[in-house]
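Here's the letter readout for the chains.
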Amino acid sequence: MSGSLWLKPPGPDGTWVAVGHAAAAGRGTAPAADAADALPGIPRPRREGRDGPAADPMDELAERLDAFIAAAVHPDEIAAVLESDGMTDEHIRLAYGRQDSFGLAEELYARVPRSFPEPDRVPDPWKVPLTACLLRGVIFALPGLAYLLGAPLLEGPKDRLGLPAGTLTLLAGALIGWVWDQTLSHRAYSWLGLGDRAAAGRTLLAGAPAGALLGTAAALAVPGGPPFSYAFAAGQALYVGAATVLLVLGRERLLLAALAPMAAGALLTLLVELPVPVRVFLLTASLLAACALAVRELPLADGVRALVLRARGWTERRPGERGPVRWQMLRGAEEEYGPRGPRLGDSVPYGVFGLGTGLLVLYAALGEVLAGGPAEAVAAPSAVALTLSMGPAEWLLHRFRSGSLAGLRAARSPRRFRLRMLSTLARCLAVYLAVLLALGLTGTLLWPGAPGLTGVRVATLLLLGAVMWTGLLLQSFGAVRPAAVVCASAAVAQSLALLLGLGQPRAVQLAVAGAAALALGTLVCLLLGRATAHR
C-alpha cells in the first residue's frame, strides 16, 4: 500500500491508448479528428460487473479477527491486537477511514457481538485414584491389629480407671509420637514442595529418631504399667517414626508389605490360639521390616556428611559473627548462613492440630471411662471408624479441590462461585459422613462387647468427623492456624470438663464437638468462599 503501482502500457506496440471520445474515434464509432483536437480521457464511473461492488474492508477485518473481537471485554484489547498486527495510524486512515487504532477498535467492538468461548479442557491436577487413598486409610488402621496380637503380653491387673493393663502407657506414647510426627511430616513435605528431596530426607533422618525417643520417654513417664507395655510402647514409637518416613516419601506399598506378617498373625488369632513366642516374632518381624525399609529410603551418607560439616562450622569463626547486629543484617555475605528453607515455626501448628484431633478421638473412645464410667463403655469402634475414614477423607479433599477449580472456570460472578463452592462442600462432606457412619455401624456390629450406637453416640461421631474433615480441608488450603486453634480449644474444653467433673460425659462430648464443627464450618465458608483462595 505504501509503494506506487506499476502499469503496463496496454497498446499493442507498448504505447498508451486514448480513452473516452478519442478511443471511440479510433474505433470508428465517431468521426475522425485530429489528435490535437481530441478530448482528454475523462474518468467515468465503473460499471457494475458480475462480482458486484468491492467488499467493505471493515467487514473483511471483522471477519478475520472475529474470534479475538468476540472474546474481548474492552475495545482496548482489540486495539492491542491491531497494533501487534503492525497496523499504524496512517494505514488505518488510508484503508479504513478511522483516525487511529482505538477508533477502529471501538467500531469493531460495537459491530461484533460478544461471545465468550469455553476454555480448553485441561488436565485436572487434583485427580487422584481412589485406591491410593483407600490404601493409606488401611495403612493408618492396620497397626491397631498389633494390640490384638500382643494382648496376652499385656495381661495384668486393670488400672484405677478399669482399663486393661498398660492402656495409659501406650496411649501416652502414641499421642506424643503422633504430635511430633505430624510436625515432622509437614516440614518434610515443605522441602519436597521446594523440590529438595535430599533436604526432606535429612529432615526425616534427624526427626524420626527424635520422635521415637520422645514417644518412648512419654510412655516411660506413666507409672504402673506391666513390664512388656513399655517395650511395646518403645516398638510403637519406632514404628510411628518408620511409617512417617515411608508415607512422606510415597512408599505406602512397602509399608503395607512390612505390616503383612503382623496383620496375618492378628487375623489368625481369631481362629486359633498362637503361642507367645510366635506373637513376639510376628510383631518384631513387622517392626524390623518397617525400620529397615525406612532406613533404606533415608540418605544416611548425606546426613553424616552434613553433620560433620555442621560440626566443623561450629568450630570455625564465621565472617562477621561477632560484629554488630545491624552491620550483620546489612552485609550480603552473611545471607548464605541464613535459613533458606521452610521455617520451623510454620510446622508447629500442624503438631497442635494433631494434638487437638488426637485428644478428641481419644475422648470419643474413652471419655466415659475416664470420667468414671464402666470399662464396658469403651467406644473403640468409633476410634477405628475415624481412623479408617481418613482414606476416603483424603480422596474427598481432592474432589473438593477439583470441584472448586471447575467452579472457577464456570462461574461468571463471585456469588455464583460461592454457591458452587458451597454445593461442592456439602456434597463432599455428606459423602464422608455417610462413609464414617457405615464404618461406625459395621465396627459396632463386629466388635465383641462394644456399646451400641445410640442417637447421642451417632451424633457425636458424625460431629467429630465433620471437625476432622473441615480441619483437614482448612489445613490443605494453608489455613492450619485457625483450624489448630479450634481443635486445641475443643480438646482443652473437654479436658477441663473431665478434670472438674462438669456435666455428663456424653453431653459434654456432643456439645464440644458441635461447637467445634460450627466454628470450623464458619471458617470454611468465610475463608474458602473467595475465589482467590483457590488459585
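In the block above lies the structure referred to throughout.
Structure report, in brief. (Residues numbered from 1 in each chain as written. Predicted model: local features only at pLDDT ≥ 70, side-chain atom pairs only at ≥ 80, totals over all residues. Heavy atoms only, no water.)

### Here we look at the overall build of the protein
Reasoning step 1: A count of helical and extended segments in the protein gives 22 helices and 0 strands.
Reasoning step 2: Counting contacts in the protein only where the partners sit at least 6 residues apart, residues at least 24 apart contribute 75% of the total. (Helix = DSSP H or I, 4+ residues; strand = E, 2+ residues; numbered from the N terminus. Contact = heavy atoms within 4.5 Å.)

### Details of a positive patch on the surface
Reasoning step 1: The grouping of Arg-415, Arg-416, Arg-418, Arg-420 and Arg-427 at the surface amounts to a positive patch.
Reasoning step 2: Inspection of the secondary structure puts Arg-416 in helix α19 (residues 414-446).
Reasoning step 3: Residue class for Arg-416 comes out partly exposed when judged on its relative accessible area of 48%. (Patch = residues over 30% accessible without salt bridge, like charges linked within 9 Å, V, L, I, M, F, W, Y side chains within 5 Å. Areas by Shrake-Rupley, 256 points an atom, 1.4 Å probe, with all protein chains shown as cover. Salt bridge = Lys/Arg side-chain N within 4 Å of Asp/Glu carboxyl O. Lys, Arg positive; Asp, Glu negative; His and termini not counted. Charge placed at Lys NZ, Arg CZ, Asp CG, Glu CD. Buried < 20%, exposed > 50% of the residue type's maximum accessible area, 1.4 Å probe, protein only.)

### Topic: the packing of α19 against helix α20 (residues 455-476)
When two helices pack together, their arrangement is given by the angle between the helix axes and the distance between those axes.
Reasoning step 1: Running from N to C, α19 and α20 point in directions that differ by 135 degrees, and their axes come no closer than 10 Å. The orientation of α19 with respect to α20, classified from their angle, is oblique. Regarding α19 and α20, the two cross each other, and that crossing is right-handed. Across the interface between the two elements, Leu-425, Cys-428, Leu-429, Tyr-432, Leu-433, Leu-436, Leu-437 and Gly-440 from α19 touch Val-458, Leu-461, Leu-462, Gly-465, Ala-466, Trp-469 and Leu-473 from α20. (Axes fitted to C-alpha atoms, helices over the stretch in contact; angles between N-to-C directions. Parallel < 35°, antiparallel > 145°, perpendicular 65-115°, else oblique. Left-handed = near helix turned anticlockwise from the far one by under 90°.)

### Quick look at the side chain of Ser-190
Reasoning step 1: Locating Ser-190 in the fold gives a position in helix α9 (residues 167-193).
Reasoning step 2: Within the structure, the side chain of Ser-190 is placed 2.8 Å from the backbone oxygen of His-186, a separation counted as a polar contact. (Polar contact = N/O pair within 3.5 Å; in protein donor to acceptor, adjacent residues only side chain to side chain.)

### Notes on a negative patch on the surface
Reasoning step 1: Judged by side-chain charge, Asp-56, Glu-60, Glu-63 and Asp-66 come together as a negatively charged surface patch.
Reasoning step 2: For Glu-60, the location among the structural elements is in helix α2 (residues 57-64).
Reasoning step 3: According to the relative accessible area criterion, Glu-60 is partly exposed, its value standing at 47%.

### Concerning the side chain of Arg-136
Reasoning step 1: Looking at the secondary structure, you find Arg-136 in helix α7 (residues 130-141).
Reasoning step 2: If near-sequence neighbours (up to four positions away) are discounted, Arg-136 is found in contact with Tyr-189, Leu-247, Glu-252 and Glu-394.

### Observations regarding the packing of aromatic side chains
Reasoning step 1: For the structure shown, the criterion picks out 3 aromatic pairs.
Reasoning step 2: Where Tyr-147 meets Phe-232, the ring centres are 5.6 Å apart and the plane angle is 40 degrees; that geometry is what we call tilted. A residue pair is termed long-range when its members are at least 10 positions apart, and Tyr-147 in helix α8 (residues 145-149) and Phe-232 in helix α11 (residues 227-248) qualify at 85 residues.
Reasoning step 3: Ring-pair connections join several aromatic residues into one group, and the members of that group are Tyr-147, Phe-228 and Phe-232.
Reasoning step 4: Above the plane of the ring of Phe-477 lies Arg-401, whose end atom (NZ or CZ) is 3.8 Å from the centre. (Phe/Tyr/Trp six-rings, centres within 6.5 Å; stacked < 30°, edge-to-face > 60°. Lys NZ or Arg CZ within 6 Å of the ring centre and 35° of its normal.)

### As for the environment of Ala-70
Reasoning step 1: Assignment of secondary structure puts Ala-70 in helix α3 (residues 66-71).
Reasoning step 2: Classification of Ala-70 as buried rests on a relative accessible area of 6%.
Reasoning step 3: For the pair Ala-70 and Leu-108, spaced 38 residues apart in the sequence, the C-alpha separation amounts to 9.4 Å.
Reasoning step 4: In contact with Ala-70, not counting residues within four places along its chain, are Val-112, Pro-113, Arg-114 and Ser-115.

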